[in-house]
Amino acid sequence: MKNLLVLLLAAMMFAGCVTRVFFDSSEEGAEVYLDGEKLGETPFAAEISAYAWYDPFVVIKKEGYKDLKTELKKTPRAGNIAAGVIFLGALPISMPCLFTCYGPDKRQYFELEKE
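Engineer: In this structure, what is going on with the sheet that holds strand β4 (residues 44–49)? I would like to understand it.
Structural biologist: Across a sheet, paired strands are connected by hydrogen bonds in the backbone, their directions being either parallel or antiparallel. Pairing is mixed in the open sheet, where three strands are placed in the order β4-β1-β9. Both edges of this open sheet fall to β4 and β9 (107–110), since each of them pairs with a single strand only. For this sheet the average axis-to-axis angle between neighbouring strands, irrespective of direction, equals 35°.

Next comes the structure, spelled out in C-alpha coordinates:
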(Lines give C-alpha, C1' and ligand atoms only; values in the text may rest on other atoms or scores of the structure.)
Protein backbone atom coordinates (compact mmCIF):
# COMPACT_ATOMS: atom_id res chain seq x y z
CA MET A 1 0.00 0.00 0.00
CA LYS A 2 2.83 2.38 0.87
CA ASN A 3 4.50 1.75 -2.52
CA LEU A 4 1.24 2.44 -4.34
CA LEU A 5 0.91 5.77 -2.56
CA VAL A 6 4.46 6.73 -3.53
CA LEU A 7 3.75 5.80 -7.17
CA LEU A 8 0.53 7.79 -7.14
CA LEU A 9 2.26 10.89 -5.79
CA ALA A 10 5.06 10.54 -8.37
CA ALA A 11 2.53 10.29 -11.20
CA MET A 12 0.67 13.37 -9.98
CA MET A 13 3.90 15.37 -10.14
CA PHE A 14 4.05 14.67 -13.89
CA ALA A 15 0.41 15.35 -14.66
CA GLY A 16 -1.60 18.43 -13.81
CA CYS A 17 -5.05 19.51 -14.83
CA VAL A 18 -3.86 23.02 -15.72
CA THR A 19 -0.72 24.62 -17.00
CA ARG A 20 0.47 28.22 -16.72
CA VAL A 21 0.57 29.83 -20.17
CA PHE A 22 2.11 33.19 -21.09
CA PHE A 23 0.21 35.11 -23.78
CA ASP A 24 1.93 37.81 -25.85
CA SER A 25 1.34 39.56 -29.15
CA SER A 26 3.10 41.87 -31.58
CA GLU A 27 0.95 44.69 -30.18
CA GLU A 28 0.72 45.22 -26.43
CA GLY A 29 -2.79 45.36 -25.00
CA ALA A 30 -4.41 42.97 -27.48
CA GLU A 31 -7.47 41.29 -25.97
CA VAL A 32 -7.37 37.48 -25.85
CA TYR A 33 -10.64 35.51 -25.91
CA LEU A 34 -10.92 31.75 -25.36
CA ASP A 35 -14.23 30.28 -26.52
CA GLY A 36 -15.79 33.77 -26.44
CA GLU A 37 -14.66 34.62 -22.90
CA LYS A 38 -12.11 37.41 -22.41
CA LEU A 39 -9.04 35.97 -20.72
CA GLY A 40 -6.87 39.10 -20.56
CA GLU A 41 -4.78 41.64 -22.47
CA THR A 42 -1.29 40.90 -23.72
CA PRO A 43 1.14 40.39 -22.18
CA PHE A 44 -0.27 38.22 -19.36
CA ALA A 45 -0.18 34.71 -17.92
CA ALA A 46 -3.17 32.47 -17.21
CA GLU A 47 -3.94 28.96 -16.03
CA ILE A 48 -5.23 26.88 -18.96
CA SER A 49 -6.58 23.34 -19.03
CA ALA A 50 -3.80 20.86 -19.81
CA TYR A 51 -6.12 18.10 -21.05
CA ALA A 52 -5.27 16.79 -24.52
CA TRP A 53 -8.85 17.23 -25.78
CA TYR A 54 -9.12 20.89 -24.68
CA ASP A 55 -8.99 22.87 -27.92
CA PRO A 56 -10.46 26.31 -27.33
CA PHE A 57 -11.20 28.70 -30.17
CA VAL A 58 -8.94 31.75 -29.75
CA VAL A 59 -9.67 35.30 -30.95
CA ILE A 60 -7.18 38.14 -30.54
CA LYS A 61 -8.57 41.69 -30.89
CA LYS A 62 -6.95 45.12 -30.95
CA GLU A 63 -8.40 48.33 -32.32
CA GLY A 64 -6.84 49.17 -35.71
CA TYR A 65 -5.87 45.52 -36.32
CA LYS A 66 -7.64 42.59 -37.96
CA ASP A 67 -9.15 40.09 -35.55
CA LEU A 68 -6.97 36.99 -35.43
CA LYS A 69 -8.95 33.75 -35.16
CA THR A 70 -6.82 30.74 -34.31
CA GLU A 71 -6.20 27.86 -31.89
CA LEU A 72 -3.70 27.44 -29.08
CA LYS A 73 -0.36 26.04 -30.16
CA LYS A 74 0.05 22.62 -28.52
CA THR A 75 2.95 20.28 -27.93
CA PRO A 76 3.49 16.70 -26.70
CA ARG A 77 4.62 16.42 -23.07
CA ALA A 78 7.32 13.77 -22.87
CA GLY A 79 7.26 13.51 -19.07
CA ASN A 80 3.54 12.84 -18.98
CA ILE A 81 3.78 10.29 -21.80
CA ALA A 82 6.64 8.49 -20.04
CA ALA A 83 4.80 8.44 -16.69
CA GLY A 84 1.63 7.17 -18.38
CA VAL A 85 3.52 4.32 -20.04
CA ILE A 86 5.48 3.44 -16.89
CA PHE A 87 2.32 3.28 -14.79
CA LEU A 88 0.12 1.76 -17.53
CA GLY A 89 -0.60 -1.30 -15.39
CA ALA A 90 -2.02 0.95 -12.67
CA LEU A 91 -4.78 2.68 -14.61
CA PRO A 92 -5.82 5.17 -11.89
CA ILE A 93 -2.25 6.45 -11.83
CA SER A 94 -1.56 6.44 -15.57
CA MET A 95 -4.83 8.06 -16.69
CA PRO A 96 -4.08 11.63 -15.49
CA CYS A 97 -0.66 11.41 -17.13
CA LEU A 98 -2.08 10.22 -20.44
CA PHE A 99 -4.96 12.75 -20.38
CA THR A 100 -2.39 15.57 -20.21
CA CYS A 101 0.20 14.14 -22.63
CA TYR A 102 -0.51 16.82 -25.27
CA GLY A 103 -1.30 20.34 -24.16
CA PRO A 104 -0.86 24.06 -24.77
CA ASP A 105 2.63 25.47 -25.25
CA LYS A 106 3.71 27.47 -22.22
CA ARG A 107 4.22 30.51 -24.46
CA GLN A 108 1.62 31.68 -26.96
CA TYR A 109 2.64 34.50 -29.32
CA PHE A 110 0.29 36.12 -31.81
CA GLU A 111 1.29 38.35 -34.74
CA LEU A 112 -1.36 40.97 -35.51
CA GLU A 113 -1.94 42.53 -38.92
CA LYS A 114 -3.05 46.15 -39.41
CA GLU A 115 -6.47 46.74 -40.97
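Having seen the model, we can carry on.
Engineer: How do you make sense of the side chain of Thr42 when you look at a structure like this?
Structural biologist: With respect to the helices and strands, Thr42 occurs in the loop between β3 (37–41) and β4. On the basis of relative accessibility, which here comes to 3%, the residue Thr42 falls in the buried class. Among the polar contacts made by the side chain of Thr42, one reaches the side chain of Ser25 at a distance of 2.7 Å. At 3.3 Å, the side chain of Thr42 and the backbone oxygen of Glu27 are in polar contact. Excluding residues that lie within four positions of it along the chain, Thr42 makes contacts with Phe23, Asp24, Ser25, Glu27, Glu28, Gly29, Ala30 and Val32.

Parameters and conventions
- Residues numbered from 1 in each chain as written.
- Predicted model: local features only at pLDDT ≥ 70, side-chain atom pairs only at ≥ 80, totals over all residues.
- Heavy atoms only, no water.
- Pairing = 2+ DSSP bridges.
- Helix = DSSP H or I, 4+ residues; strand = E, 2+ residues; numbered from the N terminus.
- Axes fitted to C-alpha atoms, helices over the stretch in contact; angles between N-to-C directions.
- Buried < 20%, exposed > 50% of the residue type's maximum accessible area, 1.4 Å probe, protein only.
- Polar contact = N/O pair within 3.5 Å; in protein donor to acceptor, adjacent residues only side chain to side chain.
- Contact = heavy atoms within 4.5 Å.

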